[in-house]
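Tertiary structure, described
Each chain is listed here by its residues.
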Amino acid sequence: MTQETMSKPVDAMELRSVFGQFTTGVTVVTTQGTDGKPYGAMVTAFAAVSMDPPLAQIILTRSSRAAKHLDGSSFAINILSDGQLEAAKHFAGEPMDCEPEWVLNGNVPVLVGNAATLECRAWNNYDGGDHIIVVGEVSSVALGNANPLLFHEGTFRRIGERLEDGQGESWFAGARSFQPFIP
């Protein structure tokens, strides 16, 4: 890549298409506002941060109604199941006729029917341009028995063919060394 190529501005639509190649689970962050009402928003990204202490992060647009309620508040990361497509659309801006089903767990609203749920205490917020990066300390977890809802190339999807029979856990610990590419 030449310096000239690197200084060329990135086309927003092309960048969106490239980002869309990364398949992700669909997550909704929920919290209780200072007004006592539950708020939720589809998050742009969710990731495990640390096992010790247990930390998870979400990234959401600053313009979402939920963003202003997350500063210092406890919240839930709802990993939606493939049976929660309507709830996903609701939190993506296509409101359902009726509100998605949720329960109040302490002071944190949690959606019903999730593939998994992480409840978090506020840890730290970071600037992410037009997004906000929120890191929470995981205080409790719940694992459902449904497959997660996926998002790829701007479309909701279900899990398909399994390509590996292994447990898949050894990679999560990280490689012991950085391996160079061998041409």
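Details of the structure are given in the entry above.
Residues numbered from 1 in each chain as written. Predicted model: local features only at pLDDT ≥ 70, side-chain atom pairs only at ≥ 80, totals over all residues. Heavy atoms only, no water.

**Focus: the overall build of the protein chain**
Scanning the protein chain for helices and strands turns up three helices and 12 strands. Across the 183 residues that make up the protein chain, the buried fraction comes to 31%. In the structure as shown, the protein chain presents an accessible area of about 12,800 Å², 54% of it carried by carbon and sulfur atoms. (Helix = DSSP H or I, 4+ residues; strand = E, 2+ residues; numbered from the N terminus. Buried < 20%, exposed > 50% of the residue type's maximum accessible area, 1.4 Å probe, protein only. Areas by Shrake-Rupley, 256 points an atom, 1.4 Å probe, with all protein chains shown as cover.)

**Observations regarding the sheet that holds strand 10 (residues 131-143)**
An order of 3-2-6-9-10-5-4 is seen for the seven strands of this open sheet, with the pairing classed as antiparallel. Single-partner strands in this sheet number two, and they are strand 3 (38-42) and strand 4 (45-50). This sheet shows a mean twist of 35 degrees between the axes of neighbouring strands, independent of strand direction. Relative to strand 10, strand 5 (residues 55-61) runs antiparallel, the two sharing seven bridges. Looking at strand 10, one finds that Ile59 is bridged to Ile133. (Pairing = 2+ DSSP bridges. Axes fitted to C-alpha atoms, helices over the stretch in contact; angles between N-to-C directions.)

**As for a nonpolar patch on the surface**
On the surface, Val10, Leu15, Val18 and Phe19 cluster together into a nonpolar patch covering about 410 Å² of accessible area. Of note, Leu15 is situated in helix 2 (residues 12-19). (Patch = residues over 30% accessible without salt bridge, like charges linked within 9 Å, V, L, I, M, F, W, Y side chains within 5 Å. Salt bridge = Lys/Arg side-chain N within 4 Å of Asp/Glu carboxyl O.)

**Here's the deal with the sheet that holds strand 11 (residues 150-152)**
Note: strands within a sheet are paired through backbone hydrogen bonds, in either parallel or antiparallel orientation. Reading across from one edge, 1-11-12 is the order of the three strands in this open sheet, with antiparallel pairing throughout. What marks the edges here is a single partner per strand, and that holds for strand 1 (24-25) and strand 12 (155-157). Strand direction decides the pairing type here: strand 1 and strand 11, joined by two bridges, are antiparallel. Residue pairing across strands places Gly25 opposite Leu150, the latter belonging to strand 11.

**Comments concerning the packing of aromatic side chains**
The relation between two aromatic rings is expressed through the spacing of the ring centres and the mutual angle of the planes. For the structure on display, the rule yields one aromatic pair. Pairing Phe151 with Phe156 gives two aromatic rings, centres 5.1 Å apart and planes at 65 degrees, and the pair type is edge-to-face. (Phe/Tyr/Trp six-rings, centres within 6.5 Å; stacked < 30°, edge-to-face > 60°.)

**A word on the nonpolar core**
In terms of nonpolar packing, the biggest core is built from 20 residues, with Val29, Ile58, Leu60, Leu70, Phe75, Ile77 and Val134 touching the most fellow members. When residues of this core are traced back to their parent elements, those giving at least two are strand 3, strand 5, strand 6 (75-79), strand 9 (116-128) and strand 10. Residues Val26, Val28, Leu80 and Leu149 belong to the second largest nonpolar core, which totals seven residues. (Core = buried A, V, L, I, M, F, W, Y, C linked by side-chain atoms within 4.5 Å.)

**Some details on the layout of surface pockets**
Roughly 1,600 Å³ of internal volume is contained in the largest pocket. With five residues, strand 3 is the largest single contributor of residues to the lining of the largest pocket. Along the lines of polarity and charge, the residues of the lining of the largest pocket split into 23 nonpolar, 16 polar and six charged. (1 Å grid on protein atoms, 1.4 Å probe; cavity = no way out; pocket = protein on both sides within 12 Å on 5 of 7 lines; lining within 4 Å. Points joined across faces, edges and corners; volume = space filled by probe spheres on them. Nonpolar A, V, L, I, M, F, W, Y, C, P; charged D, E, K, R; others polar.)

**A few points about the environment of Gly33**
When you line up the elements, Gly33 lands in the loop between strand 2 (27-32) and strand 3. Remark: the alpha-carbon pair of Gly33 and Leu70, spanning 37 residues in sequence, is separated by 8.2 Å. In this view, Gly33 contacts Tyr39 and His69; residues no more than four positions away in its chain are not counted. (Contact = heavy atoms within 4.5 Å.)

**As for the pairing of strand 8 (residues 108-111)**
On strand 8, burial covers both faces: Val108 and Val110 on one face and Pro109 and Leu111 on the other are all buried. The pairing of strand 7 (residues 102-105) with strand 8 spans four bridges and is antiparallel. Across the sheet, residue Val103 finds its bridge partner in strand 8, namely Val110. Between strand 7 and strand 8, which pair antiparallel and follow one another directly, the connecting turn spans two residues, one of which, Gly106, has a positive phi of 70 degrees.

**Observations concerning the pairing of strand 10**
Relative to strand 10, strand 9 is paired through 12 bridges, and the arrangement is antiparallel. Paired with Arg121 across the bridge in strand 10 is Glu137. In textbook terms, the turn of a hairpin is the stretch between consecutive antiparallel strands, and for strand 9 and strand 10 this stretch comprises two residues, one of which, Gly129, has a positive phi near 70 degrees.

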